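Chain by chain, the residues run as shown.
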Amino acid sequence: VRPLIQNLDKLPFPDRNIFNKYLKYDGEFEFIGSRGCPFQCTYCINSFMMNLYKGKGKYVRYRSVDNLLKEIEEARKNNKITSVMLDDDTFILNKEWLREFADKYPRYIRIPFVCNARADRLDEETAKLLKKAGCFEVKVGVESGNDFIRSKILKRPMTNRQIRDAFKVINDTPIAMVGS
């Protein structure tokens, strides 16, 4: 196992033209601004990968906001993008990064976007930052309404109260929220 690439900005952007031959996009394009997730959910590949890469570098890594925006701009040159899916495992995890993103994305990109979030990380400031940036939908994995199953079996230590609070703060902002 090689060391993890720490500076994600050094990686080339994917060649989306390869996929255009085989896929018909409906206008939604996916991008990822980070790699890795610090949580140990039992059903997720990240807990396995974290152990596999232990001692090989920081597991959770971020691209710079500017690098992510540059990739979106490049994809927009050759494609009609009507919405963006920011498919990071937990897009809202790094609040400092999110603040910069919320400042720059609406100035330079201005395409509505969807992102993934954890209920126990959604607060009022985060919801306002997402709204400011142009988020129109937040996907939140609840996995189970049973505290025991969620925290002990799935290793997602968040309470039903935290989940309800997250849905409330998003609905009050308002941004659409989808739970699974």
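Further up the page is the structure itself.
A short tour of the structure in this document, coming up. (Residues numbered from 1 in each chain as written. Predicted model: local features only at pLDDT ≥ 70, side-chain atom pairs only at ≥ 80, totals over all residues. Heavy atoms only, no water.)

Brief notes about the environment of K131
Along the chain, K131 falls in helix α5 (residues 124–133). K131 gets classed as partly exposed once you look at its relative accessible area, which sits at 38%. Residues K131 and P112, 19 residues apart in the sequence, show an inter-C-alpha distance of 9.8 Å. (Helix = DSSP H or I, 4+ residues; strand = E, 2+ residues; numbered from the N terminus. Buried < 20%, exposed > 50% of the residue type's maximum accessible area, 1.4 Å probe, protein only.)

Considering the packing of aromatic side chains
All told, the structure shown has eight aromatic pairs when counted by the stated rule. Ring centres 5.5 Å apart and planes at 90° place the aromatic pair F91 and W97 in the edge-to-face group. Ring centres of F91 and F101 lie 5.2 Å apart, and the angle between their planes is 80°; this geometry places the pair in the edge-to-face category. Here the residue F91 occupies a position in the loop between β4 (83–86) and α4 (95–108), and F101 occupies one in helix α4, the gap between them amounting to ten residues. Of the residues examined, F91 reaches a relative accessible area of 1% and is grouped as buried. In this structure F101 comes out as buried when scored by relative accessible area, which is 0%. Pairwise contacts between aromatic rings join Y62, F91, W97, F101, Y105 and F113 into one cluster. Lying over the aromatic face of F39, R118 brings its terminal NZ or CZ to 3.6 Å of the ring centre. (Phe/Tyr/Trp six-rings, centres within 6.5 Å; stacked < 30°, edge-to-face > 60°. Lys NZ or Arg CZ within 6 Å of the ring centre and 35° of its normal.)

Some words on the side chain of R63
For R63, the location among the structural elements is in the loop between β3 (61–62) and α3 (65–78). On the accessibility criterion, R63 (9% relative accessible area) is buried. Separated by 2.6 Å, the side chains of R63 and E71 make a polar contact. Apart from residues lying up to four places away in sequence, R63 is in contact with L8, D9, F13, I32, G33, L68, E71 and W97. (Polar contact = N/O pair within 3.5 Å; in protein donor to acceptor, adjacent residues only side chain to side chain. Contact = heavy atoms within 4.5 Å.)

Re the pattern of salt bridges
Per the counting criterion, the structure on display carries 16 salt bridges. For the salt bridge of E71 with R63, the shortest nitrogen-to-oxygen distance reads 2.6 Å. Each member of the pair, E71 together with R63, is buried. The shortest N-O distance in the salt bridge between D165 and R161 comes to 3.8 Å. Residue D165 and its partner R161 are located together in helix α7 (residues 160–172), separated by four residues, close to a single helical turn. The class of D165 is partly exposed, set by a relative accessible area of 38%. In this structure, a network of salt bridges that share partners links the residues K95, R99, D123 and E125. (Salt bridge = Lys/Arg side-chain N within 4 Å of Asp/Glu carboxyl O.)

Comments concerning the nonpolar core
Residues F91, F101, F113, L130 and V138 are the most contacted members of the largest nonpolar core, which totals 38 residues. Of all the elements in the fold, those that place two or more residues in this core are β1 (28–31), α3, β4, α4, β5 (113–117), α5, β6 (135–140) and α7. Among the nonpolar cores identified, the runner-up in size contains five residues, and L4, M50, Y53 and Y59 belong to it. (Core = buried A, V, L, I, M, F, W, Y, C linked by side-chain atoms within 4.5 Å.)

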